[in-house]
Amino acid sequence: MKFIEGGVCAAKGFKASGVHCGIRKNRTKKDLALIVSEVRGAAAGVYTQNLVQGAPIVVTKAHLEDGMARAIICNSGNANTCNADGVDIANEMCRLVEVATGIPANDVIVASTGVIGQPLSTEPVEKAMPQLVAELSDNGSIEAACAIMTTDTVSKEVAVEFELGGKICHLGGISKGSGMIHPNMATMLAFLTTDAAISSEMLTKALKADVKNSFNMLSVDGDTSTNDTLTIIANGLAGNAPITCENDDYAVFTEALAAVTHTLCRIMAKDGEGATKLIVCHAAGGKTEAIAKTVAKSVICSSLTKAAMFGADANWGRVLCAIGYAGADVDVTKIDVDFVSKAGTVAVCRNGAGVPFSEEIAKTVLLEDEITIEVGLNDGAFEATAWGCDLTYDYVKINGDYRT
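Residues numbered from 1 in each chain as written. Predicted model: local features only at pLDDT ≥ 70, side-chain atom pairs only at ≥ 80, totals over all residues. Heavy atoms only, no water.

**Q** Please clarify how the overall build of the protein chain should be interpreted in this entry.
**A** Across its full length, the protein chain carries 11 helices and 15 strands. Projected onto the principal axes, the alpha-carbon positions of the protein chain cover approximately 70 × 55 × 35 Å. Within the protein chain, buried positions represent 54% of all 404 residues. Of all intrachain contacts in the protein chain linking residues separated by at least 6 positions in sequence, the fraction that spans at least 24 positions is 80%. (Helix = DSSP H or I, 4+ residues; strand = E, 2+ residues; numbered from the N terminus. Buried < 20%, exposed > 50% of the residue type's maximum accessible area, 1.4 Å probe, protein only. Contact = heavy atoms within 4.5 Å.)

**Q** Looking at this structure, how should I read the pattern of salt bridges?
**A** A side chain with one charge may pair with a side chain of the opposite charge, provided their charged atoms come close. This structure, assessed with the given rule, holds 19 salt bridges. One salt bridge in this structure joins Lys-156 and Asp-271, with 2.6 Å as the shortest N-O distance. With Lys-156 in strand β6 (residues 156–164) and Asp-271 in the loop between α6 (248–270) and β10 (278–286), this pair connects stretches of sequence that are 115 residues apart. Residues joined by salt bridges that share partners form a network here, namely Arg-266, Lys-270, Asp-369 and Glu-370. (Salt bridge = Lys/Arg side-chain N within 4 Å of Asp/Glu carboxyl O.)

**Q** What is the right way to read the sheet that holds strand β11 (residues 336–341) from this model?
**A** Hydrogen bonds along the backbone pair up the strands of a sheet, which may run parallel or antiparallel. If you walk across this open sheet you meet the six strands as β13-β12-β11-β14-β10-β15, and the pairing is mixed. Either end of the sheet is taken by a strand with one partner, and the two such strands are β13 (353–354) and β15 (382–389). One ladder, built from two bridges, connects strand β12 (residues 344–350) with β13; its direction is antiparallel. When the bridges of β13 are listed, Cys-349 appears paired with Gly-354. Here α6 sits on the sheet in contact with β10, β14 (370–376) and β15, set at roughly 40 degrees to β15. (Pairing = 2+ DSSP bridges. Axes fitted to C-alpha atoms, helices over the stretch in contact; angles between N-to-C directions.)

**Q** Got a minute to help me understand the nonpolar core in this structure?
**A** Note that soluble globular proteins tend to have their nonpolar side chains buried in a common cluster. In this structure, Phe-253, Phe-339 and Val-375 are the most contacted members of the largest nonpolar core, which totals 79 residues. Top element by residues in this core is α6. It accounts for 10 residues. Among residues more than four places away in sequence, those in contact with Val-375 are Cys-281, His-282, Ala-283, Ala-284, Val-295, Val-319, Ile-323, Ile-335 and Asp-336. (Core = buried A, V, L, I, M, F, W, Y, C linked by side-chain atoms within 4.5 Å.)

**Q** Help me out: how do you make sense of helix α3 (residues 123–134) in this one?
**A** Count 3.6 residues to each turn of an α-helix, and residues three or four apart come out pointing the same way. Those residues of α3 that sit buried are Pro-124, Val-125, Ala-128, Met-129 and Leu-132. Buried residues of α3, seen end-on, are gathered within an arc of 150 degrees and therefore sit on one face of the element. Across from the buried face of α3, at angles greater than 90 degrees, the exposed residues are Lys-127, Pro-130 and Ala-134. (Arc of directions from axis to C-beta.)

**Q** Could you clarify how one ought to interpret unusual backbone geometry in this entry?
**A** Glycine aside, the phi torsion of most residues is negative, and most peptide linkages are trans. One non-glycine residue with positive phi stands out, namely Asn-351, at about 55 degrees. Position of Asn-351 relative to the elements: it lies in the loop between β12 and β13. With a phi close to 50 degrees, Asn-378 is a non-glycine residue in the positive phi region. Looking at the element boundaries, Asn-378 is found in the loop between β14 and β15.

As structure tokens, then:
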């Protein structure tokens, strides 16, 4: 397996585009994306567990009941959430894709992101549809990635190439997410595509298993969005023998899927609203995987730990505190903590107690833009990784006037 260029267009038979249609006031920002497969493919999705859900989720769930899809349309600038006519709007967006491309509306995945509770008109979408379709390209992944951004500062795309039964396959994705990130069985918005042949049942199984170790281990601010949607379409054009059970090919496919989702997690965490640093917590030596996951995510979700990382303050007591209230079955007298970056490693805690360390060296380690907090639970063989970011002044500035 190797990383390649192309994002959602890396897989055979996929094209994408992104344009400014007018939902967002800033004409320099794209706000409408389209991803299309040459043929209908197996599809799967996972979504927010927030009780308040965007109308596009209702429509997408209905369209994926048969496990098939061929296109994805997504707008930014308006979440189409808490609108009385939201479902009608989402359905209309799918209908507009059908009119412009001939792809049946019920084969279209629809998503929206942006401000909650604001009316959304489909007029801009309808006017932009001819341009959106005309600009579909097998190099259009970056355009689509830019069109789904909200407060993101960088576009997010990744792709890998791998082999199944002698056939070269590809899997790629784009995502958006900078704030309101604390997924539960989903992510902010992420769209994955692959030319591997795999049944919808196995695709669903792979996706649901993957998010437990990828997007569910990602947090920026502890807020679960109303519109979280992660979908994947597999069109089978690579020509491999279809994956219909948990065989060796399935294992390779899930490895490729994890490579894409884990990379997107790192990119999203590092681009958290106002963030200056990617914070990774690796918890090892847990009695169970669940314990290791609980510990890792508690650490990266701790506002005090996040603030300390922003200030390059080796306040390891905040890490221990976060572990202590996580609700995990750990022996606090066995816990070790190290801070790691490309500048080096500094041990700050052994067996639940502080050890002498150089504040100067610790400062140097923590001034880097990617920091790993290594937690040794020393109580078993299980491990887990969680991704987050630091908490800065700019996070409050961004969210203090997000709507206005």
